[in-house]
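Each chain, letter by letter, is given below.
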Amino acid sequence: MSKHLIVGMGPIGSAAARLLSARGEEVVLVSRSGVTPATAGLADLPGIRPVRLDATDATALGELAAGAAVLYNCAGPAYHRWATDWPPLAAALLAAAERSGAVLATVSNLYGYGAVAAPMTEGTPLDPNSVKGQVRARMWKDALALHQAGRIRTTEIRSSNYIGPHAESPLGARVVPRLLAGRSVQVLRSADTAHSWTYTEDAARLLVTVGGEERAWGCAWHVPSNPPRTQREAVADLAEAAGVSQVRVGEIPTFLLTALGLLNPTVRELREVAYQFEHPFVMDSGAATAAFDLRPTPWTEVLSATADSYRTPNAHR
């Protein structure tokens with residue numbers, strides 16, 4: 001048994017905790033509340049200890065990380081506060097990794113690449129065209145610089161938009177409940193551009209794998225994901241998996257997105273990353289599959305799990 005420290009109790013952090021618990025590891029779960037979500041599936045699992053902590057407190061986080069084999073960054077600051085909330089949190093994680101000697105394994109995304117025409121690989125240059133992309137690119141560059149200086153050991157996984165139970169997703173709470181009720185849905189920008197989707201459970205599997213694999217350190221890895229599907233195709237696939245009738249798929253008008261952004265800061269932030277749904281947004285994840293023999297969960301299983309998670313009353317309230 002070894003100690004693993006997970007910062008963040010969202011879908012990825014919770015899934016990673018379940019995987020590590022099944023391996024018989026000691027898992028410390030850090031969050032501001034110190035309470036595991038009812039939807040996390042962590043109740044009564046052995047070896048899991050939730051801890052209440054402000055992870056921007058580098059000293060306290062470093063003390064808690066003492067003796068840990070891996071420190072997992074699964075944190076999720078409010079979407080509209082990335083530019084202000086990520087830098088101090090990222091700095092605390094780097095300091096804790098250096099102080100404790102734990103490998104820092106970070107959950108990230110594709111924002112750092114910016115808008116690119118070709119399928120994204122781990123070798124695609126980081127050239128962000130958004131503030132959030134700049135934040136993510138800087139986090140990786142800072143961690144990699146410390147890794148190359150021999151001060152920490154680090155690795156990073158990168159996912160496309162998530163799909164899965166309780167995931168914050170364009171194919172989540174705005175779509176699935178309406179689909180199950182037989183009502184039409186609206187999606188962001190183009191409904192007919194190819195898009196990669198990453199299953200939350202597959203992200204967790206890669207995360208715990210690279211955290212413990214020395215050959216993975218010093219590199220970023222794309223999460224094994226199924227072939228791209230347009231939003232229209234994905235909605236049709238979800239309906240079929242859920243055993244319900246197909247529904248009409250429309251696009252949210254630009255003026256409406258702008259108007260909603262005046263009231264909702266998260267919606268307002270979507271405008272700078274809307275390029276992901278205006279042109280093909282495709283990720284190549286072959287490197288991780290080849291290196292670690294990890295393959296994406298079959299698409300039909302992903303869809304069934306996602307749809308089923310919305311059938312429980314108030315599951316995604």
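Residues numbered from 1 in each chain as written. Predicted model: local features only at pLDDT ≥ 70, side-chain atom pairs only at ≥ 80, totals over all residues. Heavy atoms only, no water.

Engineer: Describe the overall build of the chain, and please don't skip the residues or the numbers.
Structural biologist: In terms of helices and strands, the chain carries 11 helices and 11 strands. Relative to a compact globule of 317 residues, whose C-alpha radius of gyration would be 20 Å, the chain shows 19 Å and is just as compact. Dimensions along the principal axes, computed over C-alpha positions, put the chain at roughly 55 × 45 × 40 Å. Split into buried and exposed, the 317 residues of the chain put 52% on the buried side. When contacts within the chain are restricted to residue pairs at least 6 apart in sequence, those whose partners lie at least 24 apart make up 74%. For the chain, the computed accessible surface area is about 13,700 Å², with 53% contributed by carbon and sulfur atoms. Where the 29 positive side-chain charges of the chain centre and where its 29 negative ones centre are 5 Å apart. (Helix = DSSP H or I, 4+ residues; strand = E, 2+ residues; numbered from the N terminus. Rg over C-alpha atoms; globule rule 2.2 N^0.38 Å. Buried < 20%, exposed > 50% of the residue type's maximum accessible area, 1.4 Å probe, protein only. Contact = heavy atoms within 4.5 Å. Areas by Shrake-Rupley, 256 points an atom, 1.4 Å probe, with all protein chains shown as cover. Lys, Arg positive; Asp, Glu negative; His and termini not counted. Charge placed at Lys NZ, Arg CZ, Asp CG, Glu CD.)

Engineer: Give a description of the sheet that holds strand E4 (residues 68-73) that names residues and reports values.
Structural biologist: The parallel open sheet is built from seven strands, whose spatial order is E3-E2-E1-E4-E5-E6-E10. Where the open sheet ends on each side, the last strands, each with one partner, are strand E3 (48-52) and strand E10 (220-222). Averaged over neighbouring strand pairs, the angle between their axes works out to 20 degrees when direction is ignored. Here helix H2 (residues 58-65) sits on the sheet in contact with strand E1 (3-7), strand E2 (26-31), E3 and E4, set at roughly 150 degrees to E1. Together, E1, E4 and strand E5 (103-109) form the strand contacts of helix H3 (residues 82-100), whose direction differs from that of E4 by roughly 175 degrees. (Pairing = 2+ DSSP bridges. Axes fitted to C-alpha atoms, helices over the stretch in contact; angles between N-to-C directions.)

Engineer: Which residues make up the side chain of Ser196, and what values do they have?
Structural biologist: Mapped onto the elements, Ser196 comes out in the loop between strand E8 (185-187) and strand E9 (197-199). What Ser196 contacts, discounting residues up to four positions off in sequence, is Ser160, Asn161, Pro228, Phe281, Val282 and Met283.

Engineer: Which residues make up helix H11 (residues 299-309), and what values do they have?
Structural biologist: Considered for burial, the residues of H11 that qualify are Trp299, Val302, Leu303, Thr306, Ala307 and Ser309. All buried residues of H11 lie within an arc of 160 degrees about the axis, which places them on one face of the element. As for H11, its buried residues are in contact with strand E7 (161-163), helix H5 (176-180), E9 and helix H7 (231-242). (Arc of directions from axis to C-beta.)

Engineer: Explain helix H1 (residues 11-22) residue by residue, including any values.
Structural biologist: For an α-helix, 3.6 residues make a turn, and residues three or four places apart therefore share a direction. In this model H1 runs 17 Å from its N-terminal to its C-terminal C-alpha over 12 residues, within 8% of the 16 Å that 1.5 Å per residue would give. Residues of H1 that are buried include every one of Ile12, Gly13, Ser14, Ala15, Ala16, Ala17, Leu20 and Ser21, and no others. Phi turns positive, to about 85 degrees, at Gly24, one or two residues after H1. (Expected span 1.5 Å × (residues − 1).)

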